[in-house]
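Commentary on secondary and tertiary structure
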Amino acid sequence: MIKLYSWTTPNGRKVSIALEEMGLEYESIAVDITNDQQFAPDFLKISPNNKIPALVDGEQAIFESGAILLYLAHKTGKFLPPVGTPAHWEVMQWLMWQMGGFGPMVGQAHHFLHYNPGKLQYAEERYHTETKRLYGVLNKHLGGRDFVGQDLSIADFAIWPWAARFDYHKVDLNDFPNVKRWYLALAARPGFQRGYVQPIDVGSIPLPI
Ligand SMILES: N[C@@H](CCC(=O)N[C@@H](CS)C(=O)NCC(=O)O)C(=O)O
């Protein structure tokens, strides 16, 4: 059976949501990154960058959430349109947008605004401004659409768990109505709800007022 090594963070939830939506059986293994379990020698063998998520499927071990999402999409033939179609590249470009921007920049916003407030005003402003800029880009894209791609895809699985931390990066989803509509619609899916509470349940999906 597939083994998912993960923790209760956006990057971990991307993969548990994907596994749930794909209907794949998996064992969810908690790697408590607040207690340095990501540095355990056995974990470093499958995730040499000492980060969750990582996945083992038989002989295949794989780390980096974007690579794992692509692996699962290729394995199942689900949630990624065929290579060579415009729909495929639309999903890929938004997946890369998340991996290169919406994850790293919003992650920095969490570091300065949520975990270390008041320590460095310049950094707080820089990452808050960039986070809101990225929300603006996503909000514009989602105008008149239900999903990031033409249908539900690994791009939604990648982006949504980061938006679920809107309170950490101090974004009011009411300022981004298309993002809010998309966020709430996906939050209502049983697959997202099951994936959100992996590998341990620390509370249900946050809903904006
Ligand atoms: N680019 C990586 C980022 C993974 C990542 O930042 N994971 C964090 C939790 S969300 C982590 O494991 N941090 C532990 C550490 O840095 O020691 C991915 O998308 O998989």
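Quick note: structure is the one above.
Per chain, residues are indexed from 1 in the order of the written sequence. For a predicted model such as this one, the threshold for reporting local features is a pLDDT of at least 70, and the threshold for listing and counting side-chain atom pairs is 80 or more; totals across whole chains, interfaces and linings nevertheless cover every residue.

Looking now at the environment of Gln-193. Helix and strand labels come from DSSP, where a helix needs a run of H or I of at least four residues and a strand needs a run of E of at least two; each type is numbered from the N terminus. With respect to the helices and strands, the residue Gln-193 is situated in helix H9 (residues 190-196). Each C-alpha atom, one on Gln-193 and one on Gln-93, is 26 Å from the other, the two residues being 100 residues apart in sequence.

With that settled, consider the packing of helix H5 (residues 104-115) against helix H6 (residues 121-141). Fitted lines through C-alpha atoms serve as axes, helices being fitted only where they are in contact, and the angles separating the N-to-C directions of these axes extend from 0 to 180 degrees. At a minimum axis separation of 8 Å, H5 and H6 run at an interaxial angle of 140°. By crossing handedness, the relation of H5 to H6 is classed as left-handed. Between H5 and H6, the residues in contact are Met-105, Val-106, Gln-108, Ala-109, Phe-112 and Leu-113 and Ala-123, Glu-124, Tyr-127, His-128, Glu-130, Thr-131 and Leu-134, respectively. Residues are grouped as follows: Ala, Val, Leu, Ile, Met, Phe, Trp, Tyr, Cys and Pro are nonpolar; Asp, Glu, Lys and Arg are charged; every other residue, Gly included, is polar. Here the residues of the contact of H5 with H6 are counted per class, giving 8 nonpolar, 3 polar and 2 charged. Note: crossing handedness is left-handed where the near helix turns anticlockwise from the far helix by less than a right angle, and right-handed where it turns clockwise. Contacts are defined on C-beta atoms placed from the backbone: any two residues whose C-beta positions lie within 7 Å are in contact.

Note: most residues except glycine have negative phi, and most peptide bonds are trans. Cis geometry is adopted by the peptide bond preceding Pro-53, which originates at Ile-52 and carries an omega value of 0°. On the secondary structure map, Pro-53 appears in the loop between helix H2 (41-46) and strand E3 (54-57). Of note, the amide linkage connecting Gln-198 to Pro-199 takes the cis form, showing an omega dihedral of -5°. In this fold, Pro-199 is placed in the segment after H9. Phi at Asp-36 takes a positive value of approximately 65°, unusual for a residue other than glycine. With respect to the helices and strands, Asp-36 occurs in the loop between strand E2 (26-30) and H2. Any residue surrounded by 20 or more other C-beta atoms within 10 Å of its C-beta is treated as buried, while 12 or fewer makes it exposed and the intermediate range makes it partly exposed; C-beta atoms here are placed from the backbone. Taking the number of C-beta atoms within 10 Å as the measure of exposure, Asp-36 has 10 and is therefore exposed. Here the phi dihedral of Lys-170 falls at roughly 55°; this positive angle occurs in a residue that is not glycine. Of note, Lys-170 is situated in the loop between helix H7 (154-163) and helix H8 (177-187). Overall, Lys-170 belongs to the partly exposed group, with 15 C-beta atoms counted inside 10 Å.

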